[in-house]
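Read off the chains here:
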Amino acid sequence: MRSIDVVVIGAGAAGLMCALTAAARGRQVLLIDHANKAGKKILMSGGGRCNFTNVYAEPANFFSENPHFCKSALARYTPWDFIAMVSKHGVPYHEKKLGQLFCDNKSRDIRDMLLEECEQAGVDLCLDTSVRQIEKAEAGYALSTDLGPVAAQSVVVATGGLSIPTLGATGFGYEIARQFGHDVVATRAGLVPFIITDQLKDICNELSGTSVECVVSCNKQSFRENILFTHRGLSGPAVLQISSFWHLGDAVEINLLPDRDPAEWLQGQQAARPNSDLKTVLGEVFTKKMAVLLTDHWFASKPMKQYSPAELCDIAATLGAWEVVPAGTEGYRTAEVTLGGVDTRQVSSKTMESLRSPGLYFVGDFNFQWAWASGYAAAQFV
Ligand SMILES: Cc1cc2nc3c(=O)[nH]c(=O)nc-3n(C[C@H](O)[C@H](O)[C@H](O)COP(=O)(O)OP(=O)(O)OC[C@H]3O[C@@H](n4cnc5c(N)ncnc54)[C@H](O)[C@@H]3O)c2cc1C
């Protein structure tokens, strides 16, 4: 039987960070992944340019039923700590907007940087390797793996959530959590596009590829960013963000004119250009095609002067608070994250160690800054 200080299961963002940090502390680390490549989600992330952190990331941005849980780890490994590693490796990056940092070149730069750090620290990385079973042993854990039996003082579960099974996602982490007495909060897909099946479906399909800046709201949360029409419904950053607050049956409200008071603006347009058609007026704010399709869907387009004040009021209300009821989401197939999962009330927020089974740690998922911070936190104690 092979004996090792630490086994990290999952060579994604959190597992790589945890492994390299623990190994740099002098721990012997075996990093196992069943996939044929490490960090597949890193490679795919940020449209191929990995949005590896956000300089304004703070605990309030981390959506949780247990909002205090993330504070300690995020305070001990900040975006600036990760930026220091990125700079040390000379990885070129830029700020896109709202503090979001992306690679200038490819996401691969981040993945390769983490692999290089692992190698320098002496991490033993085994890909194409499965862990079949984990049992509590007298000192630590006994694992049955494709490499044969392994004894480890500490086991770090970094197997991520359920999103994008084709990139290696499994429910393994939740199974281990349950095995060792943890509750698992019901999971659902987050940061995921909406599917529309009602009469709007054809419009979404026709406008596929069109994006427009909006304020999207649901369940007392609002995001101002672009929405993107797709063949099957709605996507884009504003929709992905609100999807995490949406439940089946909820309506989503979309303000298509976030920079103006729709009623005042329409009245102004009516006074200034009474002979222009509504779709011409809207075509100067949205794309022409979007103005035509939405106008045909909602109102009969006619010259502005022909609308009564009450009609203008209705149009303003629709443009300022368009109600969409999605039929569902695209699910784990395309979701960026998994909501729910291992109940954080049974995990130490300082060490990420199980409060039910000493020596067992849970790290990762949610976003990269959390993956770095939780992986780093556990690595100090394994
Ligand atoms: C398309 C997409 C784009 C994204 N873009 C961004 C972005 O730009 N910025 C951002 O902050 N976040 C982004 N995210 C979210 C981000 O990828 C995740 O938050 C992050 O990858 C979580 O890291 P993790 O290590 O917990 O899990 P993962 O990265 O999912 O890693 C888990 C690892 O465990 C392995 N594994 C799973 N089951 C087993 C098993 N049974 N045995 C062995 N190994 C196993 C998997 O193969 C995988 O390598 C994106 C996600 C997706 C899907």
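Computed from a prediction, not measured in an experiment: that's the story for all the values here.

S.K.: Help me understand the overall build of the chain in this model?
M.R.: Per the secondary structure count, the chain includes 13 helices and 19 strands. Per-residue burial over the chain gives 49% buried out of 382 residues. For the chain, the exposed area adds up to about 17,100 Å²; of that, 50% sits on carbon and sulfur atoms. Each charge class in the chain can be summarised by its mean position, and for the 34 positive and 40 negative side chains these summaries are 2 Å apart.

S.K.: Please explain unusual backbone geometry as it appears in this structure.
M.R.: Among all residues except glycine, the phi angle is most often negative; among peptide bonds, the trans geometry is most common. Non-glycine residue D128 carries a positive phi angle of around 50°. Here D128 lies in the loop between β6 (124-126) and β7 (131-137). Residue D128 is classed as exposed on the basis of its relative accessible area of 54%. Its identity is not glycine, yet I164 carries a phi of approximately 55°, on the positive side. Turning to its location among the elements, I164 is positioned in the loop between β9 (148-157) and α6 (172-179). Looking at I164, the relative accessible area reads 13%, which means it is buried.

S.K.: What is the right way to look at the sheet that holds strand β3 (residues 51-54) in this model?
M.R.: Strands in a sheet are paired, the pairing made by backbone hydrogen bonds, and the direction either parallel or antiparallel. Strand order in this open sheet of 3 strands is β3-β5-β4, and the pairing throughout is antiparallel. Among the strands making up the open sheet, the edge pair consists of β3 and β4 (93-95). Geometrically, the sheet is characterised by an average inter-axis angle of 25° between neighbouring strands, direction not taken into account. Bridge analysis of β4 against strand β5 (residues 100-103) gives 3 bridges, and the strand direction is antiparallel. Pairing of Y93 across the sheet is with C103, part of β5.

S.K.: Could you clarify how one ought to interpret the packing of aromatic side chains in this entry?
M.R.: Note on aromatic pairs: each is described by the distance of the centres and the angle between the planes. Counted under the stated rule, the structure contains 12 aromatic pairs. Between F52 and Y93, the ring centres sit 5.7 Å apart and the planes meet at 85°, which makes this aromatic pair edge-to-face. Linking F52 in strand β3 with Y93 in strand β4, this pair joins segments that are 41 residues apart in sequence. Judged by relative accessible area, F52 falls into the buried class, the value being 0%. Between Y141 and F180, the aromatic rings sit 5.6 Å apart at their centres with planes inclined by 85°, giving edge-to-face as the arrangement. Residue Y141 is located in strand β8 (residues 140-145), and its partner F180 is located in the loop between α6 and β10 (184-190); the two are separated by 39 residues in the primary sequence. As far as the burial class goes, Y141 and F180 line up, both buried. Among the aromatic residues, ring-to-ring pairing joins F52, F82, Y93, F368 and W372 into one connected group.

S.K.: Could you clarify how one ought to interpret the site of the ligand in this entry?
M.R.: Around the ligand there are 28 residues in total, and A14, D33, T170, D365 and F368 lie nearest to it. Side-chain polar atom of K41 to an oxygen atom of the ligand: 3.1 Å apart, as the coordinates give it. Here F368 contributes a backbone N or O atom positioned 2.8 Å from an oxygen atom of the ligand. Considering the ligand on its own, with 1,000 Å² of exposed area, one finds that the protein chains cover 93% of that surface.

S.K.: Would you mind showing me how to read the side chain of S107 here?
M.R.: Take S107: it is sitting in the loop between β5 and α5 (108-121). Residue classification places S107 among the buried positions, given a relative accessible area of 1%. Within polar-contact distance, the side chain of S107 engages the backbone oxygen of S45 at 3.2 Å. Excluding its chain neighbours within four sequence positions, the residues that come into contact with S107 are I42, L43, S45, G48, R49 and C50.

S.K.: Any chance you could explain the packing of helix α4 (residues 79-88) against α5 here in plain terms?
M.R.: Working note: a packed helix pair is described by the angle between its axes plus the distance between those axes. As a packed pair, α4 and α5 sit with axes 10 Å apart at the nearest point and diverge in direction by 85°. Judged by the inter-axis angle, α4 sits roughly perpendicular to α5. Along the contact surface, α4 presents F82, M85, V86 and K88, while α5 presents I110, M113, L114 and E117. For the contact of α4 with α5, the residue count by class is 6 nonpolar, no polar and 2 charged.

S.K.: Can you help me understand the sheet that holds strand β15 (residues 252-255) in this one?
M.R.: Taken together, 7 strands build an open sheet; the order of strands is β16-β15-β12-β13-β14-β11-β17 and the sheet is antiparallel. At either margin of the open sheet sits one strand with a lone partner, and together these are β16 (322-324) and β17 (328-329). The sheet contact formed by strand β11 (residues 194-195) and β17 spans 2 bridges and is antiparallel. Residue pairing across strands places F194 opposite T329, the latter belonging to β17.

Reading the values: rules and limits
Residues numbered from 1 in each chain as written. Predicted model: local features only at pLDDT ≥ 70, side-chain atom pairs only at ≥ 80, totals over all residues. Heavy atoms only, no water. Helix = DSSP H or I, 4+ residues; strand = E, 2+ residues; numbered from the N terminus. Buried < 20%, exposed > 50% of the residue type's maximum accessible area, 1.4 Å probe, protein only. Areas by Shrake-Rupley, 256 points an atom, 1.4 Å probe, with all protein chains shown as cover. Lys, Arg positive; Asp, Glu negative; His and termini not counted. Charge placed at Lys NZ, Arg CZ, Asp CG, Glu CD. Pairing = 2+ DSSP bridges. Axes fitted to C-alpha atoms, helices over the stretch in contact; angles between N-to-C directions. Phe/Tyr/Trp six-rings, centres within 6.5 Å; stacked < 30°, edge-to-face > 60°. Near = heavy atom within 4 Å. Polar contact = N/O pair within 3.5 Å; in protein donor to acceptor, adjacent residues only side chain to side chain. Contact = heavy atoms within 4.5 Å. Parallel < 35°, antiparallel > 145°, perpendicular 65-115°, else oblique. Nonpolar A, V, L, I, M, F, W, Y, C, P; charged D, E, K, R; others polar.

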